[in-house]
Amino acid sequence: MNKTYGIGIPAFAGMTSLILFIVLIFPFEAKSQDNDSTKSIIDIVQEYIELRRAFDDNSESTKPALFSYSKKDDEDAIYKIDAAILYKKLDYTDFAIAPFVQFEYISGGKDRKEKVKGGLTFKYYLYRTKNSAGKIEPEVSFWKDFYSKRELFEAKLSFNPTFPNFAIPIMDASKVKFKYNGKDNRWVYGLNPTIGFDYQRQTGPKKKDDFKTYDSFASLSFTVKRYYIQFDLTGRIEREINPSVNYGYKYEGTATLYLDEKERSSLNAKFEQEERDDERKRRITLGLGLKL
């Protein structure tokens, strides 16, 4: 069997993005020349760009993008990139559009992947009061795995409610920002549910790779955080509208230790398991996390 030593165009793009992310994330004292001289260049970039883990739904807990390296005896080293970039300046009172690009790269092993995904996610608030809110999130996207040669077009519609004043708050607690001044050193936690419908059309080099599905799905994230530490648990179930087809599920747990007060760089440990069409995958990942 021939070995492939090149990492390919998408992998190169991912590694280039990693270098860019590191350059942007590491703190430095360069200040902008705008009126607000206390803002660093990174603060300005963060007003326009969101960097996070790749997501199924934009309303998922915003875990840091993850970059990792692993090496076993007598085996090639494996590099992993799991990152998404969103442009977030098109955000209005009750409506928002966010173009995004996601990179999912695994350099070797049975889960080898060179996946790039691009699309648009929309947000519209159906209602918003002091004690509750509900938003719908349409999304269209296209991804291609340059290793398996599979391509997929996807369109989905999801609903995400929030009730922050419940005994267990219904909200995305991962978006809570501490001031790190000693006065807000407290535990913050929340449940973040989402339900919706999903259409997928996939093509690939093998006959089994060609299919289209109409899914309903439900996901639930639980986040608890306090200053530099954060824990996330996420579960998702998908079932095709055709009841004769098997359902799929996945769940994951992530532990995050932030290395700075603006929660940009971190150390992460992630466990995940998923199953679809009787195929089960389980992964453990340790790596560097970055978030804007």
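Residues numbered from 1 in each chain as written. Predicted model: local features only at pLDDT ≥ 70, side-chain atom pairs only at ≥ 80, totals over all residues. Heavy atoms only, no water.

### Brief notes about the overall build of the chain
Tallying secondary structure elements over the chain gives 2 helices and 13 strands in all. Counting the 292 residues in the chain, one finds 43% classified as buried. Summarising the internal contacts of the chain: among those between residues at least 6 apart in sequence, 54% fall at separations of at least 24. (Helix = DSSP H or I, 4+ residues; strand = E, 2+ residues; numbered from the N terminus. Buried < 20%, exposed > 50% of the residue type's maximum accessible area, 1.4 Å probe, protein only. Contact = heavy atoms within 4.5 Å.)

### Overview of the environment of Gly-182
Structurally, Gly-182 can be placed in the loop between strand E7 (150-162) and strand E8 (188-203). C-alpha separation for the pair Gly-182 and Tyr-227, spaced 45 residues apart in sequence, amounts to 9.4 Å.

### Notes on the pairing of E7
In terms of strand pairing, strand E6 (residues 133-145) meets E7 through 13 bridges, oriented antiparallel. Looking at E7, one finds that Pro-138 is bridged to Leu-157. Connecting E6 to the next strand, E7, in antiparallel fashion are 4 residues, including Lys-149 with a positive phi near 65°. Where E7 lies against E8, 9 bridges are found, and the strand directions are antiparallel. The residue of E8 that forms the bridge with Leu-152 is Gln-202. (Pairing = 2+ DSSP bridges.)

### Here's the deal with the packing of aromatic side chains
What the rule picks out here adds up to 12 aromatic pairs. Between the aromatic rings of Tyr-227 and Tyr-228, the centroid separation amounts to 6.4 Å while the plane-to-plane angle is 85°, which identifies the pairing as edge-to-face. Residues Tyr-249 and Tyr-251 carry aromatic rings whose centres are separated by 6.1 Å and whose planes lie at 10° to one another, so their mutual orientation is stacked. Among the residues examined, Tyr-251 registers a relative accessible area of 37% and is labelled partly exposed. Taken together, Phe-178, Tyr-180, Tyr-227 and Tyr-228 form an aromatic cluster joined through their ring pairs. If you follow Lys-156 out to its NZ or CZ, it ends over the ring of Phe-217, 5.8 Å from the centre. When the ring centre of Phe-217 is taken as origin, the NZ or CZ atom of Arg-236, which lies over that ring, is 4.2 Å away. (Phe/Tyr/Trp six-rings, centres within 6.5 Å; stacked < 30°, edge-to-face > 60°. Lys NZ or Arg CZ within 6 Å of the ring centre and 35° of its normal.)

### Thoughts on the side chain of Lys-115
With respect to the helices and strands, the residue Lys-115 is situated in strand E5 (residues 113-128). The class of Lys-115 is buried, set by a relative accessible area of 16%. In this structure, Lys-115 is in contact with Gln-102, Phe-103, Glu-104, Trp-143, Lys-144 and Asp-145, ignoring residues within four places of it in sequence.

### Quick notes on the environment of Lys-144
By the element assignment, Lys-144 lies in strand E6. Distance in space between the C-alpha atoms of Lys-144 and Gly-204 is 9.7 Å, their sequence separation being 60 residues. If sequence neighbours within four positions are ignored, Lys-144 has contacts with Glu-114, Lys-115, Val-116, Arg-150 and Glu-151.

### Brief notes about unusual backbone geometry
Positive phi, close to 65°, is recorded for Lys-149, a residue that is not glycine. Within the element layout of this structure, Lys-149 appears in the loop between E6 and E7. The exposure class assigned to Lys-149 is exposed, which follows from its relative accessible area of 52%. In this structure, Tyr-180 is a non-glycine residue whose phi angle is positive, near 55°. Here Tyr-180 lies in the loop between E7 and E8.

### Here we look at the pattern of salt bridges
Inspection of the entire model under this criterion finds 24 salt bridges. Residue Asp-43 pairs with Lys-262 through a salt bridge whose shortest N-O separation is 2.8 Å. One end of the pair, Asp-43, is in helix H2 (residues 41-48); the other, Lys-262, is in the loop between strand E11 (248-258) and strand E12 (265-276), with 219 residues separating them in the sequence. For Lys-113, the salt bridge identified is with Glu-104, shortest N-O distance 3.9 Å. Put simply, Asp-57, Lys-117, Glu-154, Lys-156, Arg-236 and Glu-238 are held in one network by salt bridges that share partners. (Salt bridge = Lys/Arg side-chain N within 4 Å of Asp/Glu carboxyl O.)

### Things to note about the pairing of strand E13 (residues 279-290)
On a regular strand, each side chain points to the face opposite its neighbour's, so the side chains alternate between the two faces of the sheet. Bridge analysis of strand E2 (residues 65-70) against E13 gives 3 bridges, and the strand direction is antiparallel. Bridging across to E13, Phe-67 finds its partner in Leu-288. Two elements, E12 and E13, share 12 bridges in a ladder whose sense is antiparallel. Its bridge partner being in E13, Ser-266 is matched across the sheet by Gly-289.

### Some thoughts on the confidence of the model for the chain
Chain-level pLDDT for the chain is 83 on average; 83% of the residues reach the 70-or-more range. When the criterion is pLDDT under 50, residues 1-12 qualifies, and its contacts beyond four places in sequence or with other chains add up to 10 contacts. Note on residues 22-35: pLDDT is under 50 here. Beyond four places in sequence and across chains, it has 20 contacts. (pLDDT = per-residue confidence, 0-100.)

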